Amino acid sequence: MSHLQTDDALLKRVRRIAGQVTAIERALISEKDCATTLHLAAATRGAMTGLMDAIIESHVREHVARPDLSDDDRAAGAEQLIAAIRRYSK
């Protein structure tokens, strides 16, 4: 997926998520109340979902829907996507 390596927006998302995870860690270390920590975790989960959505969209556009793909390449891209979604939804 080399086309993702040049996506600055995705890198910014990942860095924000890393910051959110660090905030959860700080909340746990400093014994913040449960509600605060739950909100931090929920926000992080939402950010991860957004990241997954962006990567899935990129994969579909690049490895399934691109007009110049062969049928075999398109089928392989679809299988990769199905496998990733199955792992994600567990």
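Details of the structure are given in the entry above.
Okay, so let's go over this structure.

Quick word on the overall build of the protein chain
A tally of helices and strands in the protein chain yields three helices and zero strands. Relative to the globule expectation of 12 Å for 90 residues, the C-alpha radius of gyration of the protein chain, 17 Å, shows a markedly less compact shape. Each principal axis of the C-alpha atoms in the protein chain carries an extent, and together these give about 55 × 30 × 15 Å. The proportion of buried residues among the 90 residues of the protein chain is 18%. In the protein chain, 49% of the contacts between residues at least 6 apart in sequence involve partners at least 24 apart.

Some words on the packing of helix H2 (residues 34–63) against helix H3 (residues 71–88)
Look at H2 against H3: their axes get within 9 Å of each other, and the N-to-C directions meet at 165 degrees. By the angle between their axes, H2 is roughly antiparallel relative to H3. Like other packed secondary-structure pairs, H2 and H3 cross with a definite hand, here left-handed. Contact with H2, carried on its side by Met-48, Thr-49, Met-52, Ile-56, His-59, Val-60 and His-63, involves Asp-73, Arg-74, Gly-77, Gln-80, Leu-81, Ile-85 and Tyr-88 of H3 and no other residues of that element. Among the residues making up the contact of H2 with H3, the classes are represented as seven nonpolar, five polar and two charged.

Structural notes on H2
Its 30 residues give H2 an end-to-end C-alpha distance of 42 Å, which sits within 8% of 44 Å, the value for a rise of 1.5 Å per residue. When H2 is considered as a whole, its buried residues turn out to be Thr-37, Thr-44, Gly-50, Leu-51, Met-52, Ser-58 and His-59. In this structure, the buried residues of H2 make contact with helix H1 (8–29) and H3. If you check the start of H2, you find a side-chain oxygen 3.3 Å away from the backbone N of Ala-35, and it comes from Asp-33.

Side note on the environment of Glu-25
In this fold, Glu-25 is placed in helix H1. Looking at Glu-25, the relative accessible area reads 47%, which means it is partly exposed. For the pair Glu-25 and Ile-85, spaced 60 residues apart in the sequence, the C-alpha separation amounts to 28 Å.

Conventions and cut-offs
- Residues numbered from 1 in each chain as written.
- Predicted model: local features only at pLDDT ≥ 70, side-chain atom pairs only at ≥ 80, totals over all residues.
- Heavy atoms only, no water.
- Helix = DSSP H or I, 4+ residues; strand = E, 2+ residues; numbered from the N terminus.
- Rg over C-alpha atoms; globule rule 2.2 N^0.38 Å.
- Buried < 20%, exposed > 50% of the residue type's maximum accessible area, 1.4 Å probe, protein only.
- Contact = heavy atoms within 4.5 Å.
- Axes fitted to C-alpha atoms, helices over the stretch in contact; angles between N-to-C directions.
- Parallel < 35°, antiparallel > 145°, perpendicular 65-115°, else oblique.
- Left-handed = near helix turned anticlockwise from the far one by under 90°.
- Nonpolar A, V, L, I, M, F, W, Y, C, P; charged D, E, K, R; others polar.
- Expected span 1.5 Å × (residues − 1).
- Polar contact = N/O pair within 3.5 Å; in protein donor to acceptor, adjacent residues only side chain to side chain.

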